[in-house]
Amino acid sequence: MDVKVYSVAERPDRLPAVVEMADSWPEFVTNDPVGSAHYGRIPAELPEYALFAEDERGEVVAHAFGVPFRLAAEGRGALPARGWDQILLWAFADLRRGTRPDTVGAVSVVIAPHAQGRGLSAVMLSAMRDNARARGFREVVAPVRPSAKHREPHTPIAEYAHRVRPDGLPEDPWLRVHARAGATVDSVAKASMTVGASLEEWRRWTGLPFDTRGDVEVPGALVPVHCEPERGYAVYVEPNVWMRHPL
């Protein structure tokens, strides 16, 4: 697919189209409270890190959001176990305080459903790397959500993350795209995203009964959701895989 990539800072007129672009996230993922509070702020408050692709007809078919933060700040240093949630919190805390960032976190690469399977994920990841390099950063880090892990919700993420094919590349397709771009696996973000909600909400999001105590396999979830019917809630704690992209 022939596309052109811009930042929202370059094309602020396209912000509504970027925000309104269809995606294929499971509904429960979009109800992570940290993401709900901060993800939508990226194109508005950090537009130079919000990239999007237009096809030959001018339709927005992909976007890639990153956030700059200071990894070397006091109390940080290591990539956090709370992965995706934590870098969003760090980035907007640093923005508020005027802290100079030293790292870009790759928060998301989203492809419109009708444009999937055409190599756009690799295009947007490359654009994110190029954008960070052009802004003087030496590294992009990514709490990667392995794209095929949902097929094996009971497989430990540490085992899954290190599976490789005979050619040495990761077995997981999305991890493999990152590896081909030059990234290496750093560690596992054991609690990258946490979604806790009432049973009524989980039933609405998934169509499942959520009436039995214990682990519930949910389509699209990387690990089972823990259900506590006598307490009226269920909790999903998603692990991701930290990958480092030297620039």
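Note: the structure precedes this text.
Values in this document were obtained by computation on a predicted structure and should not be read as measured data.

Undergrad: Could you clarify how one ought to interpret the overall build of the chain in this entry?
TA: Each helix and strand in the chain was counted, giving 8 helices and 9 strands. Relative to a compact globule of 247 residues, whose C-alpha radius of gyration would be 18 Å, the chain shows 18 Å and is just as compact. Residues classed as buried in the chain amount to 50% of the 247 residues present. Contacts in the chain between residues at least 24 apart in sequence constitute 72% of all its contacts with a sequence separation of at least 6. Looking at the chain as shown, the accessible area adds up to about 11,600 Å², and 50% of this sits on carbon and sulfur atoms. For the chain, the distance from the average site of its 29 positive side-chain charges to the average site of its 33 negative ones is 5 Å.

Undergrad: I keep staring at the nonpolar core and nothing clicks. Help me out?
TA: Core analysis: the biggest nonpolar cluster contains 74 residues, and Ile 42, Trp 202, Phe 210 and Tyr 236 have the highest contact counts within it. The biggest single contributor to this core is strand S3 (residues 60-69), with 7 residues. The residues contacting Phe 210, other than those within four sequence positions of it, are Leu 199, Trp 202, Arg 203, Val 216, Val 218, Val 225, Cys 227 and Ala 234.

Undergrad: Any chance you could explain the packing of aromatic side chains here in plain terms?
TA: Remark: the centre distance and the inter-plane angle together describe each pair of aromatic rings, the angle taken between the planes. Enumeration according to the criterion identifies 9 aromatic pairs in this entry. Arranged with centres 5.1 Å apart and planes meeting at 80 degrees, the rings of Phe 28 and Tyr 236 form a pair that is edge-to-face. Separated by 208 residues along the polypeptide, Phe 28 in the loop between helix H1 (15-20) and helix H2 (33-38) and Tyr 236 in strand S9 (residues 233-246) bring together distant segments of the chain. Here Phe 28 and Tyr 236 have matching classes, each one buried. Three or more aromatic residues link up through ring pairs in this structure, and these residues are Phe 28, Trp 202, Trp 205, Phe 210 and Tyr 236. Over the ring of Tyr 6 we find Arg 11; its NZ or CZ atom is 4.9 Å from the centre of that ring. Positioned over the ring face of Tyr 49 is Arg 135, at 5.6 Å from the centre of the ring.

Undergrad: I tried to follow unusual backbone geometry on my own but got confused; where do I start?
TA: The phi torsion of most residues other than glycine is negative, and most of the peptide bonds are trans. Here the phi dihedral of Phe 210 falls at roughly 45 degrees; this positive angle occurs in a residue that is not glycine. Its location among the elements puts Phe 210 in the loop between helix H8 (199-206) and strand S7 (214-216). With a relative accessible area of 2%, Phe 210 lands in the buried category.

Undergrad: Whenever I open this one, the environment of Pro 80 confuses me. Can you help?
TA: Within the element layout of this structure, Pro 80 appears in the loop between S3 and helix H4 (83-97). The sequence separation of Pro 80 and Val 188 amounts to 108 residues, and the corresponding C-alpha distance is 8.9 Å.

Undergrad: Looking at this structure, how should I read helix H5 (residues 120-134)?
TA: In an α-helix, one turn spans 3.6 residues, which is why side chains three or four residues apart end up on the same side. Taking 1.5 Å as the rise per residue, H5 with 15 residues should run 21 Å; its terminal C-alpha atoms sit 21 Å apart, in good agreement. All of the buried residues along H5 are Leu 120, Met 124, Leu 125, Ala 127, Met 128, Arg 129, Asn 131 and Ala 132. Remark: Gly 136 follows H5 within two positions and exhibits a positive phi of approximately 90 degrees.

Undergrad: Looking at this structure, how should I read the side chain of Arg 145?
TA: Mapped onto the elements, Arg 145 comes out in the loop between strand S5 (139-144) and helix H6 (157-161). Classification of Arg 145 by relative accessible area gives buried; the value is 19%. Within the local environment of Arg 145, its side chain forms a polar contact with the backbone oxygen of Gly 220, the two atoms lying 2.9 Å apart. Those residues in contact with Arg 145 that sit more than four places away from it in its chain are Trp 25, Pro 26, Phe 28, Val 29, Trp 174, Gly 220, Ala 221, Leu 222, Tyr 236, Glu 238 and Asn 240.

Undergrad: Would you explain the pattern of salt bridges in this entry?
TA: Oppositely charged side chains are able to pair whenever their charged atoms sit close together. This model, assessed by the stated rule, comprises 21 salt bridges. The partner of Glu 228 in a salt bridge is Arg 213, with the nearest N and O atoms 3.3 Å apart. With Glu 228 in strand S8 (residues 225-228) and Arg 213 in the loop between H8 and S7, this pair connects stretches of sequence that are 15 residues apart. Looking at Glu 228, the relative accessible area reads 6%, which means it is buried. The network of salt bridges with common partners includes Arg 11, Asp 13, Arg 14 and Glu 54.

Undergrad: Just to check I follow, could you spell out the environment of Thr 194 for this structure?
TA: Its place among the elements puts Thr 194 in strand S6 (residues 184-198). Sequence-distant contacts of Thr 194, that is, excluding residues within four places in its chain, are made with Asp 32, Pro 33, Asp 85, Val 235, Tyr 236 and Val 237.

Undergrad: Explanation requested: the pairing of S3 in the structure shown.
TA: On a regular strand, each side chain points to the face opposite its neighbour's, so the side chains alternate between the two faces of the sheet. In terms of residue burial, S3 counts as a mostly covered element, since 10 of its 10 residues are buried. Where strand S2 (residues 50-54) lies against S3, 5 bridges are found, and the strand directions are antiparallel. Counterpart to Glu 54 in the pairing with S3 is Val 60. Between S2 and S3, which pair antiparallel in sequence order, lie 5 residues; one of them, Gly 58, sits at a positive phi of approximately 85 degrees. Two elements, S3 and strand S4 (residues 103-111), share 8 bridges in a ladder whose sense is antiparallel.

What counts, and where the lines are drawn
- Residues numbered from 1 in each chain as written.
- Predicted model: local features only at pLDDT ≥ 70, side-chain atom pairs only at ≥ 80, totals over all residues.
- Heavy atoms only, no water.
- Helix = DSSP H or I, 4+ residues; strand = E, 2+ residues; numbered from the N terminus.
- Rg over C-alpha atoms; globule rule 2.2 N^0.38 Å.
- Buried < 20%, exposed > 50% of the residue type's maximum accessible area, 1.4 Å probe, protein only.
- Contact = heavy atoms within 4.5 Å.
- Areas by Shrake-Rupley, 256 points an atom, 1.4 Å probe, with all protein chains shown as cover.
- Lys, Arg positive; Asp, Glu negative; His and termini not counted.
- Charge placed at Lys NZ, Arg CZ, Asp CG, Glu CD.
- Core = buried A, V, L, I, M, F, W, Y, C linked by side-chain atoms within 4.5 Å.
- Phe/Tyr/Trp six-rings, centres within 6.5 Å; stacked < 30°, edge-to-face > 60°.
- Lys NZ or Arg CZ within 6 Å of the ring centre and 35° of its normal.
- Expected span 1.5 Å × (residues − 1).
- Polar contact = N/O pair within 3.5 Å; in protein donor to acceptor, adjacent residues only side chain to side chain.
- Salt bridge = Lys/Arg side-chain N within 4 Å of Asp/Glu carboxyl O.
- Pairing = 2+ DSSP bridges.

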